[in-house]
Structures are given as C-alpha cells and as structure tokens.
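Understanding the architecture of this molecule
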Amino acid sequence: MRGPGLTGETGGDVNSQPFRKIKGLMTGNVYIVEGDELVIVDTGAPTDFRIIERQVKRLGRSVEDIGHIFITHFHVDHAGAAAALKEASGARVYAHEADAPILAGEEKVQSVYRTGVIGRVASAVPGVSEGMAMVPPVRVDVPLKDGDVVPVLGGMRLIHAPGHTPGNSCYLWEERGVLFSGDAIINTYHVLTLPTVGFSCDFDLAARSARSVARRVADEDLRAVCPGHGPVVDEDIGGKLERMGRRAGRRLGP
Ligand SMILES: [Zn+2]
Ligand SMILES: [Zn+2]
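Residues numbered from 1 in each chain as written. Chains lettered and ligands numbered in written order. Predicted model: local features only at pLDDT ≥ 70, side-chain atom pairs only at ≥ 80, totals over all residues.

**Regarding the overall build of the protein chain**
Cut-off, in case you're wondering: Secondary structure elements follow DSSP: runs of H or I no shorter than four residues count as helices, runs of E no shorter than two count as strands, and numbering proceeds from the N terminus. Once C-beta atoms are placed from the backbone, each residue is buried if 20 or more other C-beta atoms lie within 10 Å of its own, exposed if 12 or fewer, and partly exposed for counts between those two. Residue pairs qualify as contacts under a 7 Å threshold applied to their C-beta atoms, which are placed from the backbone.
The secondary structure content of the protein chain amounts to eight helices and 13 strands. Taken over 254 residues, the protein chain has a buried fraction of 49%. Counting contacts in the protein chain only where the partners sit at least 6 residues apart, residues at least 24 apart contribute 66% of the total.

**Some remarks on helix α8 (residues 237-252)**
How we decide: Given a helix with a known number of residues, its expected span is that number minus one, times 1.5 Å. Throughout, the arc means that of the directions going from the helix axis to the C-beta atoms.
Counted at 1.5 Å a residue, the expected span for α8 with its 16 residues is 22 Å, and the 23 Å between its end C-alpha atoms agrees. Taken as a whole, α8 has its buried residues at L241, M244 and A248. Down the axis of α8, the buried set is contained in an arc of 60 degrees. They therefore lie on one face. Exposed residues on α8 whose side chains face more than 90 degrees from its buried face are G239, R246 and R250. Buried-residue contacts for α8 involve β12 (191-193) and α7 (203-216).

**Remarks on the sheet that holds strand β7 (residues 149-150)**
Inclusion rule: In this analysis, strands are considered paired if DSSP registers two or more bridges between them.
Ordered by their spatial adjacency, five strands build an open sheet running β7-β8-β9-β10-β13, and the pairing between neighbours is mixed. A strand with exactly one partner marks an edge of an open sheet, and here the two such strands are β7 and β13 (224-227). The pairing of strand β9 (residues 169-173) with strand β10 (residues 178-182) spans three bridges and is classified as antiparallel. Note on β10: the bridge partner recorded for Y171 is F180.

**Remarks on the pairing of strand β2 (residues 29-34)**
Pairing geometry for strand β1 (residues 20-23) and β2, over four bridges, is antiparallel. Each residue of the ladder has a partner; that of I22, found in β2, is V30. The pairing of β2 with strand β3 (residues 38-41) spans four bridges and is antiparallel. Within β3, the position partnered with V33 by the bridge is V39. Connecting the antiparallel pair β2 and β3 is a turn made up of three residues.

Put into structure tokens, the structure is as follows:
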C-alpha cells in the first residue's frame, strides 16, 4: 500500500546509475546513494520521511544508516524531511551558508527577501515564498561556500547557483560524474529548464546561475544530471545543458 496521496519509486530510469531516486507526488526528488553509510541528497516534504524510510528498508538498511544529508535549498519540498531524518539518524547536514539560517529557523525568509542578501528582489511572491520556507527547523552542521568539496563519496562539490533562493546550490559528485542540480536546473517535459518564476526570489539571477552551472560543468565527464524535479537525464547531457544555457541567456535579453 502506498501512503495517502504520495507515491514512492526507485527510478526505473536510473537502474544503471549508482544512486536511487525517490519521488513524492508534488514534491522534490530525493536521491539515495548507498555506501557504508547512506547519503541523501534532498529530503522531500515533511511527509516524505515515511517514503524514504520505506525505501531505505527495501535496501536492507535502516534510517539510522544515513550518515550525510545534502540539501540544495531551503524550500519545504526539498528540506522538509531533513529534521526528522537527522533526528532519526544523527546524520550530518550540509547546505550553502546563505540558506543555513533559514533552514535552522533563525531567520525568516521575509527578511532575506527584504534585506536583499542577494542584492535584488525581482519576482518574489511573498506569501508563496514564506510558505515554501515552512520547513521543520534543521541545524546545518556544515555550512558550505561555492567550490567547497565535502569528503564524502570521494568528493561532493558545492556549486552555488543563487537566485531561486540565496543559497540555492547544486552538488557535483566528482568521482561518478553525477550533478545533483536541485532546483537550479529542473527537468520538465524532458527539457532541462529553469526553476519556477513565482517560487524564485530573483529569477534573473536564477537564469544567470543556471547558465553558469551549465558552463562550469561542461568539461566534466557527466554521466547523469539529477534534477530536483523530473526524470534523471543520462543521455545527451552536454547538448541538453548547452541548449538550456542558451535558453536561459535569451530570458536575460541582450
Ligand atoms: Zn522544488
Ligand atoms: Zn525550490
């Protein structure tokens, strides 16, 4: 039986990949990487805790085996179950330093938008933005900056992609060529694209960041792009990223 209104899956599209994808209906993707310890990239909504727990059990493991939780940004559909997972496992939590105070509940998202940590407020819809920040507070153990490499899985490099949120980030699993792109680059209708305008605090900056991420990973030998929403991309990755970057450039105008 599946939980009410939620569906869990191990991505059939990623069976050959060294990670598993779990998706809650309406929520962001969750990725699990199995090693001695389990590594989770994004945690879905608060109610996704049960789905993650179930999937972990299917792997013959327990949530206590989760050692590391990487969060791409503070939105509730990505960081929602982080507090419960950390509580259950004692895992270390990683996120960009700009989103850490919001994740911890120490700073209201409103203040981020109003004081303009990222310099400019373009497309924030205040009510929606605050709703997206209704995250059960979770302390970030290791606040990260652009380029920081966490010595987990042979190296997880944070690529800062601000705009969607101030601390919005991707993680590059260097050893395996896997880019966890969060909401910096999502996959809708099998086209890599930008995050939703209404949910992004600075959409122009989000577009610039998406283009810049595409450029920065162009020379990496990527085997997969794991977006925050939509299916994993494992074919024509370079081409798809380049076309996304060009479309993002057009959104920005001359
Ligand atoms: Zn999202
Ligand atoms: Zn988001």
